[in-house]
Amino acid sequence: MDQNDDERLLGLEGGWRLEGHDGMGRPVRILVGETELSRAYLGVTVGRHPMLCQRMIEDTSVSRRHFRLGRSGGGAFIEDVNSLNGTYLDGEALTPFDPVVLHDGQTLTLGRVVLTATRLGAEPAV
């Protein structure tokens, strides 16, 4: 394992890991680094369609464009992008296009997909 692998796995750069399972029980893992988040003006879009999203989840209960993960004011936010089955944060439905602060350990539900958010590495610079 080289240094780049160590940094990615250990989260030395900082960022977020969204990890859980899809509707069939298959593992789902999404990693988004702090550098990518800071450079993505509108955030990183997650969904089912490879041409519309930067990260994909292959589950039919997930919309082609489902939610966006981004940075604002030094923290991370999650935002539903008008998905069919909605985005739930700790069991509460998100209002489409209304960003909500994301905290370490929170649970996201997208249709039949359940993910836990984990903050990786160093805190972002404010």
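Up top you'll find the structure we're talking about.
Report follows, based on the coordinates. Note that the structure is a prediction, hence the values are computed from the model and not measured.

## Let's talk about the sheet that holds strand β5 (residues 67-72)
Okay, so step 1: Here five strands make up an open sheet; going across it, the order is β4-β3-β5-β6-β9 and the pairing mixed. Sheet topology places β4 (55-56) and β9 (100-101) at the edges, where each strand pairs with a single neighbour.
Okay, so step 2: Summarising the sheet, strand β3 (residues 44-47) and β5 pair through three bridges and their orientation is antiparallel. Across the sheet, residue Val-44 finds its bridge partner in β5, namely Leu-69.

## Things to note about unusual backbone geometry
Okay, so step 1: Its identity as a non-glycine residue notwithstanding, Asn-82 has a phi of 65°, on the positive side.
Okay, so step 2: Turning to its location among the elements, Asn-82 is positioned in the loop between β6 (75-80) and β7 (87-89).
Okay, so step 3: Classification of Asn-82 by relative accessible area gives exposed; the value is 52%.

## Some remarks on the sheet that holds strand β8 (residues 92-93)
Okay, so step 1: Strand order in this open sheet of six strands is β2-β1-β11-β10-β7-β8, and the pairing throughout is antiparallel. What marks the edges here is a single partner per strand, and that holds for β2 (27-33) and β8.

## What to know about the nonpolar core
Okay, so step 1: Among the nonpolar cores identified, the biggest contains 22 residues, and Ile-57, Phe-67, Leu-69 and Leu-115 are the most heavily contacted of them.
Okay, so step 2: Broken down by secondary-structure element, the contributors of at least two residues to this core are β1 (15-21), β2, β3, β5, β6, β10 (107-110) and β11 (113-120).
Okay, so step 3: Beyond its immediate sequence surroundings of up to four residues, Phe-67 is in contact with Leu-18, Val-44, Thr-45, Val-46, Ile-78, Glu-79, Asp-80, Val-81, Thr-87, Leu-108 and Leu-110.

Reading the values: rules and limits
Residues numbered from 1 in each chain as written. Predicted model: local features only at pLDDT ≥ 70, side-chain atom pairs only at ≥ 80, totals over all residues. Heavy atoms only, no water. Pairing = 2+ DSSP bridges. Helix = DSSP H or I, 4+ residues; strand = E, 2+ residues; numbered from the N terminus. Buried < 20%, exposed > 50% of the residue type's maximum accessible area, 1.4 Å probe, protein only. Core = buried A, V, L, I, M, F, W, Y, C linked by side-chain atoms within 4.5 Å. Contact = heavy atoms within 4.5 Å.

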